Amino acid sequence: MSTLTIGTPSFPLESTDLLRARPWCSSRTLGSIALLLWQERSRTLHATFLLVSLVLTGMVNYSNLDAQAPLAAAFAHVGLGWAVKIVAIGSVTALTASTLCSLLAQPRIYYQMAKDGLFFARFATLNRRQAPVFGTVFTGIFAAVLAMFLDLNALADMISIGTLLAFSVVCGGVVMARYDDQDLDPSSKVHLSPRRRSWVTRLSLAALLFVFFLFSVGFSFVFKYSNLFPTNVGFILAIVFTGVPLVVITILIFLRPQLSTPRTFACPFVPFTPLLGMLVNTFLIIQLPLGSIYRVLIWSAVGFLIYFAYGIRHSRLNQISPSERINGEE
């Protein structure tokens, strides 16, 4: 299953849905994706955005544009009320379509997680038409409750933080994927089983990444609240206190041998590029309102609670024997 959501309209897909669907459904879905990708890469579309911007600034001074609805404000400024109505209808239609696509994608994520045992089994049930009705109803009700009690800015900030956190996890995953258990010295007197050595290496690397993340948070807070330092000396000392550990951790990770490099696309300059990505993402997260950060932390705590209370005990990986796990890791 995959979902195109970042930088493109959302198209939730699942391979089994395509296999079960009628031919015309698959053709229309694939045709929509092909058109979407062509549009996203098209220079004509980018040129259209530039021309619209030029027209707007020609109609109204850029300082008088409404950041929330620039097109409607520009047409209203020149007295074209009928154009304002068309733009408003188009905006509402586009937002509705985007929201519906997101609501269709989320139940299928629940479904796949439930099939893997990481989420409640009720979400893995399908009706006679092979649709996750329970997950869809739950997603719709939950989204409506969030929209009722949270304003749009708070929801947008939570989405931004969640996206940046996801990118940070990807950056950390790139670092984890490049290293294996063979970075331990073969002549070491400590003899561990292959499975134990693998976990020791991964835990040590994960600990370094976690400490790197914590110091990235401190480094970002220093810049956000730089006005609280009475002198420049205090600000510089805070930068050194939080920045030097980041450099040390980067060097420690760099000294580990990289034993797993993809044959196709490989992230360049590992671990510098992904660690820099983690630092930049963390810096952007800290610049957002603290209220949204608190809400995301609570949301993450709920996710951890579900995982450690249910998912870790019902995961399908528990059905795999230790020998099969070792062979899979090798």
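The model shown is predicted, which means the values in this text are computed figures rather than measured ones. (Residues numbered from 1 in each chain as written. Predicted model: local features only at pLDDT ≥ 70, side-chain atom pairs only at ≥ 80, totals over all residues. Heavy atoms only, no water.)

With that settled, consider helix H7 (residues 152-177). One turn of an α-helix holds 3.6 residues; hence residues three or four places apart share an orientation. For H7, spanning 26 residues, the distance from its first C-alpha to its last is 37 Å, which sits close to the expected 38 Å at 1.5 Å a residue. For H7, every residue scored as buried is listed here: Ala154, Asp157, Met158, Ile161, Leu164, Ser168, Cys171, Gly172 and Val175. (Helix = DSSP H or I, 4+ residues; strand = E, 2+ residues; numbered from the N terminus. Expected span 1.5 Å × (residues − 1). Buried < 20%, exposed > 50% of the residue type's maximum accessible area, 1.4 Å probe, protein only.)

What follows deals with the confidence of the model for the protein. Across the protein, the average pLDDT comes to 78, with 75% of residues at or above 70. Of all helices and strands in the protein, the one with the weakest mean pLDDT is strand E1 (residues 2-4) (43), whereas helix H10 (residues 272-286) scores best (93). Counted against residues more than four places away or in other chains, residues 1-26, with its pLDDT under 50, gives 41 contacts. Contacts from residues 182-193, a stretch scored under 50 in pLDDT, to residues over four places away or in other chains number nine contacts. (pLDDT = per-residue confidence, 0-100. Contact = heavy atoms within 4.5 Å.)

Counting residues in hydrophobic clusters, the biggest one holds 17 residues, and the most contacted among them are Val175, Leu209, Phe212, Ile253, Leu275 and Met278. When contributions to this core are tallied by element, the ones reaching two or more residues are H7, helix H8 (194-224), helix H9 (232-254) and H10. Counting residues in hydrophobic clusters, the runner-up holds seven residues, among them Met158, Ile285, Leu288 and Val296. (Core = buried A, V, L, I, M, F, W, Y, C linked by side-chain atoms within 4.5 Å.)

Our focus in this paragraph is the packing of H7 against helix H11 (residues 290-314). At their nearest, the axes of H7 and H11 sit 9 Å apart, and the two run at 60° to each other. When the axis of H7 is compared with that of H11, the two are oblique. Crossing of H7 over H11 shows right-handed handedness. Judged by residue contacts, Ala154, Asp157, Met158, Ile161 and Leu165 of H7 engage Ser292, Ile293, Arg295 and Val296 from H11. A breakdown of the residues in the contact of H7 with H11 according to their chemical character gives six nonpolar, one polar and two charged. (Axes fitted to C-alpha atoms, helices over the stretch in contact; angles between N-to-C directions. Parallel < 35°, antiparallel > 145°, perpendicular 65-115°, else oblique. Left-handed = near helix turned anticlockwise from the far one by under 90°. Nonpolar A, V, L, I, M, F, W, Y, C, P; charged D, E, K, R; others polar.)

Let us now look at the packing of aromatic side chains. As enumerated under the stated definition, the model contains 17 aromatic pairs in all. On the numbers, 5.2 Å between centres and 20° between planes, the contact of Tyr110 with Phe119 is stacked. Overall, the relative accessible area of 13% leaves Tyr110 in the buried class. Grouping aromatic residues by their ring pairs yields a cluster made of Tyr110, Phe119, Phe120, Phe123, Phe134, Phe138, Phe142, Trp299 and Tyr310. Here the basic side chain of Arg122 rests over the ring of Phe134, its NZ or CZ set 4.4 Å away from the ring centre. (Phe/Tyr/Trp six-rings, centres within 6.5 Å; stacked < 30°, edge-to-face > 60°. Lys NZ or Arg CZ within 6 Å of the ring centre and 35° of its normal.)

A grouping of Ile236, Val240, Val244, Val247, Val248, Ile251, Leu252, Phe254, Leu255, Phe269 and Phe272 is seen on the molecular surface, where their side chains present a nonpolar patch of about 1,100 Å² in accessible area. When residues in the nonpolar patch are grouped by element, the largest group, eight residues, is from H9. Assignment of secondary structure puts Val247 in helix H9. In this structure Val247 comes out as partly exposed when scored by relative accessible area, which is 48%. (Patch = residues over 30% accessible without salt bridge, like charges linked within 9 Å, V, L, I, M, F, W, Y side chains within 5 Å. Areas by Shrake-Rupley, 256 points an atom, 1.4 Å probe, with all protein chains shown as cover. Salt bridge = Lys/Arg side-chain N within 4 Å of Asp/Glu carboxyl O.)

As a packed pair, H9 and H10 sit with axes 11 Å apart at the nearest point and diverge in direction by 150°. When the axis of H9 is compared with that of H10, the two are roughly antiparallel. For the element pair H9 and H10, the recorded crossing hand is right-handed. Counting all contacts with H9, which are made through Leu246, Thr250, Ile253 and Phe254, the residues of H10 involved are Phe272, Leu275 and Leu279. Grouping the constituent residues of the contact of H9 with H10 by class yields six nonpolar, one polar and no charged.

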